[in-house]
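Structural characterization, general
So the chains spell out like this:
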Amino acid sequence: MMNVPLRDPDTVMRLVRLGSLHQSRLSFMRILTRRMAREKWRFAQTEFHINDRGEGHAVYTAHAPDHAYSLIAFAHNLPNEKRSDRVIAEAWDATFTLFDGIPTPKDIARLAQNIPLQEAGRVTSTELSVSRANRSVRLWDHVVSALAAGHQPSQDQIERVGYLMRTTAVYGSGKLGAADREMIADRPEFAVPFQVEMLSVYLTRWFVRDLVQHMADCQAAEAGNTAATLDSAIARSIGIGNSTGLGMAPFLLNHPVLFNNWIAAREAALCRVRSVENATPEAIALFRALFARNLQLLGNWRSEHPVQVTKLEALRDDTTRLQNYLSEMDLAAPYAWDALYRWAEAHLSTEGQEWIVSLLLEPYGEIVDSLAETMAADNTATFRIAGKMSLGELRSLLENIYGWAIETDWAEPANKARAWYVSEEKLEPRLGERFKEPIEAFEQPLAPGRDAAELYACLAHWPSDATVANFLLRHPEHRHSVRRSQIVGRAPYAEIRDNTISDQIMPIDMLRCKLAFFGATKFDPRSDRWVRICLYGNAPMPPELTQENCDYWVYPDLDEVSA
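These lines cover the structure that appears in this document, whether it is placed above or below. Owing to the predicted nature of the structure, the values given are computational and were not obtained by experimental measurement.

1. Considerations on the pattern of salt bridges
All chains considered together, the criterion is met by 37 salt bridges. The shortest N-O distance in the salt bridge between Arg236 and Glu544 comes to 3.5 Å. Here Arg236, found in helix H8 (residues 232-237), pairs with Glu544, found in the loop between strand E11 (531-535) and helix H21 (558-562); they are 308 residues apart in sequence, far enough to count as distant. In this structure, Asp524 engages Arg526 in a salt bridge whose closest nitrogen and oxygen atoms are separated by 3.1 Å.

2. Observations concerning the sheet that holds strand E2 (residues 56-63)
The nine strands lie next to each other as E1-E2-E3-E4-E5-E6-E7-E11-E10, forming an open sheet whose pairing is mixed. Each edge of the open sheet is held by one strand with a lone partner, namely strand E1 (42-50) and strand E10 (521-525). Direction aside, neighbouring strands of the sheet carry axes that sit 25° apart on average. As paired elements, E2 and strand E3 (residues 68-75) share eight bridges and run antiparallel to each other. When the bridges of E3 are listed, Tyr60 appears paired with Leu71.

3. A word on the packing of aromatic side chains
One pass over the full model with this rule turns up 24 aromatic pairs. Ring geometry for Phe96 versus Phe207: centroids 5.7 Å apart, planes at 80°, classification edge-to-face. Of this pair, Phe96 sits in strand E4 (residues 94-100) while Phe207 sits in helix H7 (residues 195-222); the two residues are 111 residues apart in sequence, bridging distant segments of the chain. The residues Phe96 and Phe207 share a single accessibility class, namely buried. Among the aromatic side chains, those forming a connected cluster through ring pairs are Phe28, Phe194, Phe251, Trp262, Phe517 and Phe518. Looking at Arg512, its charged tip hangs above the ring of Phe523, at a distance of 4.5 Å from the centre. Across from the ring centre of Phe251, 3.7 Å away, lies the NZ or CZ of Lys514, which sits over that ring.

4. Side note on the packing of helix H16 (residues 391-406) against helix H19 (residues 479-490)
The N-to-C vectors of H16 and H19 enclose an angle of 70°; their axes lie 10 Å apart at closest approach. Of the possible angle classes, the one that applies to H16 and H19 is roughly perpendicular. In this structure, H16 uses Leu394, Leu397, Leu398, Ile401 and Tyr402 to contact H19, whose residues at the interface are Val482, Arg484, Ser485, Gln486, Val488 and Gly489. Within the contact of H16 with H19, the residues separate by chemical class into seven nonpolar, three polar and one charged.

5. What about helix H11 (residues 281-299)?
Between its first and last C-alpha, H11 extends 27 Å over 19 residues, near the 27 Å set by a 1.5 Å rise per residue. Turning to H11, its buried residues are Ala283, Ile284, Phe287, Leu290, Phe291, Arg293, Asn294, Leu297 and Leu298.

6. So, the packing of helix H10 (residues 256-274) against helix H20 (residues 507-518)
Following both chains from N to C, one finds H10 and H20 inclined at 65°, their axes separated by 12 Å at the closest point. You can see that H10 and H20 cross each other, and the crossing is left-handed. Across the interface between the two elements, Phe259, Trp262, Ile263 and Arg266 from H10 touch Cys513, Lys514 and Phe517 from H20. Grouping the amino acids of the contact of H10 with H20 by side-chain chemistry returns five nonpolar, no polar and two charged.

7. Details of the nonpolar core
Judged by nonpolar contacts, the single largest core of 167 residues is most densely connected at Phe28, Phe207, Ile263, Phe287, Trp337 and Tyr536. Among the elements that take part in this core, H7 stands out by supplying 14 residues, more than any other. If sequence neighbours within four positions are ignored, Tyr536 has contacts with Met29, Leu32, Thr33, Met198, Leu199, Val201, Tyr202, Arg205, Arg236, Ile238, Gly239 and Trp553.

8. Structural notes on the pairing of E11
With five of its five residues buried, E11 lies for the most part within the structure. Burial along E11 is two-sided: Val531, Ile533 and Leu535 and Arg532 and Cys534, pointing in opposite directions, are all buried. Bridge count between strand E7 (residues 239-244) and E11: five bridges; the pairing is antiparallel. Within the sheet, the bridge partner assigned to Ser243 lies in E11 and is Arg532. Sheet analysis places E10 next to E11, joined by three bridges and oriented antiparallel. Looking across to E11, one finds that Thr521 is bridged to Cys534.

9. So, the environment of Ala112
Along the chain, the position of Ala112 falls in helix H4 (residues 105-112). Sequence separation between Ala112 and Gly56 is 56 residues, and the spatial gap between their C-alpha atoms is 9.4 Å.

10. Side note on the state of the cysteines
A complete count under the given rule lists zero disulfides for this structure. Here Cys271 is not cross-linked by a disulfide; its sulfur's nearest cysteine counterpart is in Cys513, at 19 Å. Residue class for Cys271 comes out buried when judged on its relative accessible area of 15%.

Cut-offs used in this document
Residues numbered from 1 in each chain as written. Predicted model: local features only at pLDDT ≥ 70, side-chain atom pairs only at ≥ 80, totals over all residues. Heavy atoms only, no water. Salt bridge = Lys/Arg side-chain N within 4 Å of Asp/Glu carboxyl O. Helix = DSSP H or I, 4+ residues; strand = E, 2+ residues; numbered from the N terminus. Pairing = 2+ DSSP bridges. Axes fitted to C-alpha atoms, helices over the stretch in contact; angles between N-to-C directions. Phe/Tyr/Trp six-rings, centres within 6.5 Å; stacked < 30°, edge-to-face > 60°. Buried < 20%, exposed > 50% of the residue type's maximum accessible area, 1.4 Å probe, protein only. Lys NZ or Arg CZ within 6 Å of the ring centre and 35° of its normal. Parallel < 35°, antiparallel > 145°, perpendicular 65-115°, else oblique. Contact = heavy atoms within 4.5 Å. Nonpolar A, V, L, I, M, F, W, Y, C, P; charged D, E, K, R; others polar. Expected span 1.5 Å × (residues − 1). Left-handed = near helix turned anticlockwise from the far one by under 90°. Core = buried A, V, L, I, M, F, W, Y, C linked by side-chain atoms within 4.5 Å. Disulfide = S-S within 2.5 Å.

Here it is, written out as structure tokens:
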């Protein structure tokens, strides 16, 4: 067997590449749908008490092997002038919680007083997540009106947007009083990161389908008519949107071990597939079929942001080159997947390279899917500083990990033009202009490259055989950089190897990376600091979920699309 090396962190961990990642079979949504189908979860809508103004509540319950989880949805009749995706919004079209178990009327009454308030409300450890969503007004109105008039909505309009509602926040892991992750991490269904949030969104999509049908039924009944039932294939094509801003960006910097485990799993998966000596006819056929379906997904991806427009143009050019190359390539030849990857590395844009990386994993669930079990992290042991390490070893670590930062001129204003801070009003991360705003005193430690360079400079006059412990007794201000360097020494994909405070920083690269691991598609930046995406587009609705349709749903079925 050929020994294919893992890709170098200096290559993988650049923001331009992290900002080009795509969903894959290791994305958290797909890990969840495979598990639910494999374990034969049962789903039921147990309550739907919503009036003709779209106000009320509904309950959707998922029965796992050992636990039940219920999405409690509160629908609101929100005036247009109050609808906002910004974190400072105080009202939404719908608000949700994922409840641990099956709620009683008393639970629902309590939550009805708190969930619609979001940050202003409070929940308990029986609630696993808290979220909210707004309608995509034009598409919502179109679908309701079309169904009420007795016909199906325009597929073209649906493809242009991709969702009827978009979440503006999905909070878990103890926020607002909800259950801490440690309380549920030992449950197999939640061992993989973000499974609570992914389950919440999956059930939310079911609720949205039912709500839009209900509103169409009410509108038709008012006119003395009967509404059409939303076609099941059209319903599957509609995902849940999401608006994500800067609040998500620091997550990757603040959770280095967890971030390492995500990237390391993906890199190990790529390495395993590239090491396959002979692809089976079945694997080749599946790859070619999913390639064609992925082209359809790409065709439905639209954006008006100039950076994303350029990337999409490059990706479409890349797929043309790939089609030409694959028409002549013998995928049955020895180590064909490695040859395809190496060709892509030499001939495609970064966006195109990562597009083909995700696709290469698809035929190989048997050697890739087990890596999902490695993607969680317990940071406790990793965060202990090794005081006995010599400063010579520490210097070597810094040079290997932060060579780019050591060579950066940090006196140049452009290299430290930005500063991360926390908004007092909403306690959310912000990125400001260091030399134009009075924010430097409130800067958060989210510039590990600069801090590592300062640590390296401070080591200059210390002997190599001195210990880290002795150094930190004199310079405790560098503890965080020493700890981080030691973490990355053990977890090589833990660090973004780029300047996170320069005038060229694009926070959407960090957002895109994290959202790709969620399984998001149709990235649509609205600035360099926030992005809209689509989740669960083309996924089977919970009652439809089977082992036959639980995995490749992310790629549109060509027969359905062309119908």
